[in-house]
Amino acid sequence: MALGYWRAGRAREVAEFELFFRRCPFGGAFTLAAGLRDCVRFLRTFRLRNADVQFLASVLPPDTEPAFFEHLRALDCSEVTVRALPEGSLALPGVPLLQVSGPLLVVQLLETPLLCLVSYASLIATNAARLRLIAGPKKRLLEMGLRRAQGPDGGLTASTYSYLGGFDATSNVLAGQLRGVPVAGTLAHSFITSFVGTEVPPDPMLAPATGEGPRVDLTVQVEVWLERVCTHLGLGVQEPHRGERAAFVAYALAFPRAFQGLLDSYCVHR
C-alpha cells in the first residue's frame, strides 16, 4: 500500500484514520478504552531501520525505485496528530477511541500496530471491569494468567490492563517492575504436590500478628484445627492429604501475613 501511495503521488496527502468498534465485547453495554500509553510510546519511537528497509527491498518488486526506500528511511511521526479517549474511560460503539491524522502513507503504516495495541488492551480491561462489577468493591482480585497468555508480550499487556480494569494485583513480577502494577504471590499445584507430608519445618514457630505474646508452634496448631475442621465437615482426620497440609504450613511460615491456600490440587472438600 505504501508503494502504491508513493507511486500515485499521494504519500504526503493529509489523511485521518478513526479507530472504533461496532459492538461491545462479551455482549455487554460498555467498553473501557485502553492501550493509549502503549500507542504514544510506539509513535514516539516509530522509525524504519536500515535493516527493515533492506528486508523490504528484498521482498518488493525488483523494479521498485530507490527513491521510495529513501522515503521510507526518512519516515517518522513528527507530522502525526493523535486525539484519543482518556485511558480507562468508557467507550461506546461508533465513537472513535483514536483519531490519527498525518501523511497518508505514514498513517496507513500505523493502522495495524495501533489496532493491535488498542484492541487487546481494551478487551482485557473491559473483561477485568466486568469481573470487578460481579465481585463487588470489597473482594480482592488477583490476575494470574501469565501461564496461558498469548506470549510474553501478551502476558505483560494482560497484567497491565487487568489492573486498569479494576484488579488489585498480578502475579506477573515483570508487570510490577516495568509498569508499576502491584504484585502478589501465589502458589502452584507443583508447590503443593512437591510435599509428601513427612517434611519437618526447620522453624515451625510463628509470632502472633499483634507482635505481642509468645510464639506458637504452627504444626501443632494445624493438627488441633485439623480435627475441628474434619468434625465440622464430617471427614476423618486421615482423609485430607498430608502433603497438601505440609505445603500449606510451609507457605504460611514463609508468608504469615499473606497466606493463600490453593484447594483443588487433590480434592476441594478434603
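Residues numbered from 1 in each chain as written. Predicted model: local features only at pLDDT ≥ 70, side-chain atom pairs only at ≥ 80, totals over all residues. Heavy atoms only, no water.

An unreviewed UniProt entry annotates the protein as Nicotinate phosphoribosyltransferase isoform X3 originating from Echinops telfairi.

Let's shift gears to the overall build of the protein. Within the protein one finds 10 helices and nine strands. Projected onto its principal axes, the C-alpha coordinates of the protein cover approximately 85 × 40 × 35 Å. Burial analysis of the protein (270 residues in total) assigns 34% to the buried set. If you take every contact in the protein between residues at least 6 apart in sequence, the share linking residues at least 24 apart comes to 69%. Surface summary for the protein: the accessible area is close to 16,300 Å², and the carbon and sulfur share equals 59%. Charge separation in the protein, taken as the distance between the mean sites of 26 positive and 24 negative side-chain charges, equals 3 Å. (Helix = DSSP H or I, 4+ residues; strand = E, 2+ residues; numbered from the N terminus. Buried < 20%, exposed > 50% of the residue type's maximum accessible area, 1.4 Å probe, protein only. Contact = heavy atoms within 4.5 Å. Areas by Shrake-Rupley, 256 points an atom, 1.4 Å probe, with all protein chains shown as cover. Lys, Arg positive; Asp, Glu negative; His and termini not counted. Charge placed at Lys NZ, Arg CZ, Asp CG, Glu CD.)

Reading across the sheet, the three strands line up as S1-S5-S3 and stay open at both edges, with antiparallel pairing between neighbours. This sheet does not close on itself; its edge strands, each paired only once, are strand S1 (14–19) and strand S3 (81–84). When strand polarity is set aside, the average angle formed by the axes of neighbouring strands in this sheet is 15 degrees. Relative to strand S5 (residues 98–103), S3 is paired through four bridges, and the arrangement is antiparallel. When the bridges of S5 are listed, Ala 84 appears paired with Leu 98. (Pairing = 2+ DSSP bridges. Axes fitted to C-alpha atoms, helices over the stretch in contact; angles between N-to-C directions.)

The next thing to look at is unusual backbone geometry. Positive phi, normally seen in glycine, also occurs at Phe 26, with a value near 65 degrees. Mapped onto the elements of the fold, Phe 26 is located in the loop between S1 and strand S2 (31–32).

All right, on to the pattern of salt bridges then. One pass over the structure, following the stated rule, counts 12 salt bridges. For Glu 79, the salt bridge goes to Arg 12, with nearest N and O atoms at 2.7 Å. Taken together, the residues Glu 79 in the loop between helix H4 (66–73) and S3 and Arg 12 in the loop between helix H1 (2–7) and S1 connect sequence positions 67 residues apart. We classify Arg 12 as exposed; its relative accessible area is 53%. Close ionic contact of Arg 73 with Glu 70 constitutes a salt bridge, the shortest N to O distance being 2.9 Å. Placement of both Arg 73 and Glu 70 in helix H4 is noted, with a separation of three residues, approximately one turn of the helix. Through salt bridges with shared partners, a single network forms among Arg 7, Asp 63 and Glu 65. (Salt bridge = Lys/Arg side-chain N within 4 Å of Asp/Glu carboxyl O.)

The next thing to look at is helix H10 (residues 242–254). Here H10 is 13 residues long and its end C-alpha atoms lie 19 Å apart, about the 18 Å a rise of 1.5 Å per residue gives. Within H10, burial applies to Gly 243, Glu 244, Arg 245, Ala 246, Ala 247, Phe 248, Val 249, Tyr 251 and Ala 252. As for H10, its buried residues are in contact with helix H8 (189–193), strand S8 (205–206) and helix H9 (218–233). (Expected span 1.5 Å × (residues − 1).)

Take Thr 31: it is sitting in strand S2. When the C-alpha atoms of Thr 31 and Trp 6 are compared, they prove to be 37 Å apart, with 25 residues separating the residues in sequence. Here Thr 31 is in contact with Phe 21, Cys 24, Pro 25, Ser 89, Leu 90, Ala 91, Ser 122 and Thr 126, once residues within four sequence places are set aside.

You can see Thr 64 is positioned in the loop between helix H3 (50–59) and H4. Take Thr 64: its relative accessible area is 7%, and that puts it in the buried class. Side-chain polar atoms of Thr 64 contact the backbone oxygen of Pro 61, separated by 2.7 Å. Non-local contacts of Thr 64, meaning those with residues more than four positions away in its chain, are made with Leu 3, Arg 7 and Phe 69. (Polar contact = N/O pair within 3.5 Å; in protein donor to acceptor, adjacent residues only side chain to side chain.)

Attention now moves to a nonpolar patch on the surface. Side chains of Val 220, Val 224, Trp 225, Val 229 and Leu 233 sit close together on the surface and give an oily, nonpolar patch of about 410 Å² of accessible area. Along the chain, Val 224 turns up in helix H9. (Patch = residues over 30% accessible without salt bridge, like charges linked within 9 Å, V, L, I, M, F, W, Y side chains within 5 Å.)

Below, the discussion takes up the packing of helix H5 (residues 104–135) against helix H6 (residues 151–164). The packing of two helices is summarised by the inter-axis angle and the distance between the axes. Two elements in contact, H5 and H6, have axes whose closest approach is 8 Å; the angle formed by their N-to-C orientations is 45 degrees. Overall, the two elements H5 and H6 adopt an arrangement that is oblique. Here the hand of the crossing between H5 and H6 comes out right-handed. Counting all contacts with H5, which are made through Tyr 120, Ala 121, Ile 124, Ala 125 and Ala 128, the residues of H6 involved are Gly 154, Thr 157, Ala 158, Tyr 161, Ser 162 and Leu 164. In the contact of H5 with H6, the residues fall into eight nonpolar, three polar and no charged. (Parallel < 35°, antiparallel > 145°, perpendicular 65-115°, else oblique. Left-handed = near helix turned anticlockwise from the far one by under 90°. Nonpolar A, V, L, I, M, F, W, Y, C, P; charged D, E, K, R; others polar.)

The next subject is the pairing of S5. S5 sits mainly inside the fold: five of its six residues count as buried. Looking at chain direction, S1 and S5 are connected through six bridges and run antiparallel. Across the sheet, Glu 18 pairs through a bridge with Gln 99, a residue of S5.

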